[in-house]
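# Architecture at a glance
Letter by letter, the chains look like this.
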Amino acid sequence: MGITKLADLIRFHAPDAISHKEISDFTGKVIALDTSIVVNQFRAATPTLSPLTGLFFRTLTFLEHDIKPVFVFDGKPPEEKTAALEKRAEAASWKCPNLTGTASSQTKDCLHLLKLLGVPFIQAPGDAEALCAQLVREGTADAVASEDMDTLPFGANILIRQLNAKRDSEVVEYSLPKLLEKLQISQEEFVDLCILLGCDYCDKITGLGPKKALTLIQKHRTIENVVLHINRQTHPVPHFWKYKEARKIFLDAPQTVDPKLIWTEPDEEALVGFLCHVKYVKVERVRRRMERFRQTRESKREERERDKAAGRSRQTRMEDFFRVTRKREQPVEAADSSSSNRKRPKST
DNA sequence: ACTCTATCGTGAGACGAG
DNA sequence: CCTCGTCC
DNA sequence: ACCTCACGATAGAG
């Protein structure tokens, strides 16, 4: 389940590593997405709607913004993660978790849909989050879009959350370099911090939460040294603690197979055939959405040509202008404890 | 009395009509 | 703009 | 036929 309380820690101790943007700020960017998280969120949020439809709509919205998505699929989870998965399965009163990494029919449907949308996808050898981060590290992708914080200890410089198709939705960007700078720790020390906070790959020391863990890492730099300086009575170290294995998982990046990422035009007829005839989505919905997609694309293309003709320097100013006018008032509530005034921004 | 942590329950999307 | 019903 | 995650409230430990 990601890194426990890492989002809170950043918000409190390194707010400058967080910036608030909107979806159009990512025009032209290559963004890696953890597909299983996207799909599962759709499934959880809309039991009545197939995740395929959600994936269809959201992906088209990305493409309309000239965002280049690349979807990453989970492979076989690492050995260390099985404990966490089994625990989760038991909580859900459900028999045997999928530890094999074999693609479910759900996954195959997603692969097929993405192919028809002309969007590239990659099968990760292990955790999708790890490969997403690696794509950013090697420059193949500009950022990872995910809801959980795992990609930061995996080394992705930029993590984007709340990237969805909602109008006016606020996108939250986390900068790993800014975070490390502010906390005054290295990537290796940050990984140790995340292990202390609690990750999927090993146990944690009960009684150490975000405040204490951060202080201890800043003072002693490594888990080994931290262990030497805590009270063993009140904070017992887990038996057979696999923290070294967890550390290795975060720091040893999976090697990618130099993926040649190619985006092509969506195949509308094939999409109708698949979504409507195989999956029983209403033809009207698919057609209407594709119509809108084509129109949005066309107007964007015209806009770009106009910009080219008028010179480039003006274009950024125009975008800035629209951004300012369109942007809702977003008072940077850094140290505001009386945050009960939600819809009442005080007149400056 | 205070600060920090652990645990449990809960809610989460995107569209178009009006 | 907004609210609300529907999507499968 | 399954695979989530973060937030808020609350209770308990130090």
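Each remark here, short or long, concerns the structure printed above.
This structure is a prediction, so every number in the text was calculated from the model and none was measured. (Residues numbered from 1 in each chain as written. Chains lettered and ligands numbered in written order. Predicted model: local features only at pLDDT ≥ 70, side-chain atom pairs only at ≥ 80, totals over all residues. Heavy atoms only, no water.)

### Some thoughts on the packing of helix H7 (residues 176–183) against helix H8 (residues 187–197)
Rule in force here: Fitted lines through C-alpha atoms serve as axes, helices being fitted only where they are in contact, and the angles separating the N-to-C directions of these axes extend from 0 to 180 degrees. Secondary structure elements follow DSSP: runs of H or I of four or more residues count as helices, runs of E of two or more count as strands, with numbering from the N terminus. If an angle is under 35 degrees, it is roughly parallel; if it is over 145, roughly antiparallel; if it lies from 65 to 115, roughly perpendicular; otherwise it is oblique. Every residue pair with non-hydrogen atoms within 4.5 Å of one another is taken to be in contact. We call Asp, Glu, Lys and Arg charged. Ala, Val, Leu, Ile, Met, Phe, Trp, Tyr, Cys and Pro are nonpolar, and the rest, Gly among them, are polar.
Put simply, H7 and H8 touch, their axes get as near as 10 Å, and they point 85 degrees apart. Between H7 and H8, the angle is such that the two are roughly perpendicular. Mapping the contact onto sequence places Leu176, Leu179, Leu180 and Leu183 in H7 and Gln187, Phe190 and Leu193 in H8. The class makeup of the residues in the contact of H7 with H8 is six nonpolar, one polar and no charged.

### Section: the protein's contact with DNA strand C
Put simply, the rule is: Nearness is defined per residue: one heavy atom within 4 Å of the molecule or strand is enough. N or O atoms closer than or at 3.5 Å make up a polar contact, with two conditions inside protein: a donor-capable atom paired with an acceptor-capable one, and, for residues adjacent in sequence, both atoms drawn from side chains.
Inspection of the region around DNA strand C gives Thr48, Leu49, Lys279, Val281, Lys282 and Arg285 as its neighbouring residues. Taking the atoms of DNA strand C that fall within 4 Å of the protein, sugar and phosphate contribute 62% of them. At 2.8 Å, a backbone N or O of Thr48 approaches a base oxygen of DNA strand C. In the surface near DNA strand C, the residues fall into two nonpolar, one polar and three charged.

### Thoughts on the protein's contact with DNA strand B
Taken together, 22 residues form the shell around DNA strand B, and within it Leu49, Arg58, Lys166, Gly207 and Gly209 come nearest. For DNA strand B, the fraction of protein-proximal atoms (within 4 Å) that sit in sugar or phosphate groups is 78%. Ala165 places a polar main-chain atom, nitrogen or oxygen, 3.4 Å from a phosphate oxygen of DNA strand B. Between a phosphate oxygen of DNA strand B and a main-chain N or O atom of Lys212, the distance comes to 3.3 Å. Secondary-structure elements contributing two or more residues to the surface near DNA strand B are helix H2 (35–45), helix H3 (51–64), helix H9 (210–220) and helix H13 (283–310). Element by element, the count of residues in the surface near DNA strand B is highest for H13, at four residues.

### A few points about the packing of H8 against H9
Test applied: Crossings are assigned a handedness: left-handed for a near helix turned anticlockwise from the far helix by less than a right angle, right-handed for a clockwise turn.
Direction vectors running N to C along H8 and H9 enclose 150 degrees, while the axes themselves pass 9 Å from each other. On the basis of their axis angle, the class for H8 and H9 is roughly antiparallel. Judged by the sense of rotation from one axis to the other, the crossing of H8 with H9 is right-handed. Packed against H8, whose contacting residues are Glu189, Asp192, Leu193, Leu196 and Leu197, the element H9 presents Pro210, Ala213, Leu214 and Ile217 at the interface. Each residue belonging to the contact of H8 with H9 can be placed in one class, and the counts come to seven nonpolar, no polar and two charged.

### Things to note about the nonpolar core
We apply this condition: Residue types Ala, Val, Leu, Ile, Met, Phe, Trp, Tyr and Cys, when buried and joined through side-chain atoms within 4.5 Å, form a set referred to as a nonpolar core. Partly exposed describes any residue whose relative accessible area lies between the buried limit of under 20% and the exposed limit of over 50%, with all areas from a 1.4 Å probe on protein chains only and scaled to the type maximum. The start and end points of each domain follow an automatic or database-based domain assignment.
Counting residues in each nonpolar core, the largest one holds 61 residues, and the members touching the most others are Leu152, Phe190, Leu193 and Ile195. Residue assignment places this core across two domains, with domain 1 (6–181) and domain 2 (184–251) each supplying three or more. Once residues lying within four places of it in the same chain are set aside, the contact partners of Phe190 are Leu6, Leu152, Pro153, Leu176, Leu179, Leu180 and Ile185. Listed in part, the 36 residues of the second largest apolar core include Leu63, Leu114, Leu117 and Met290.

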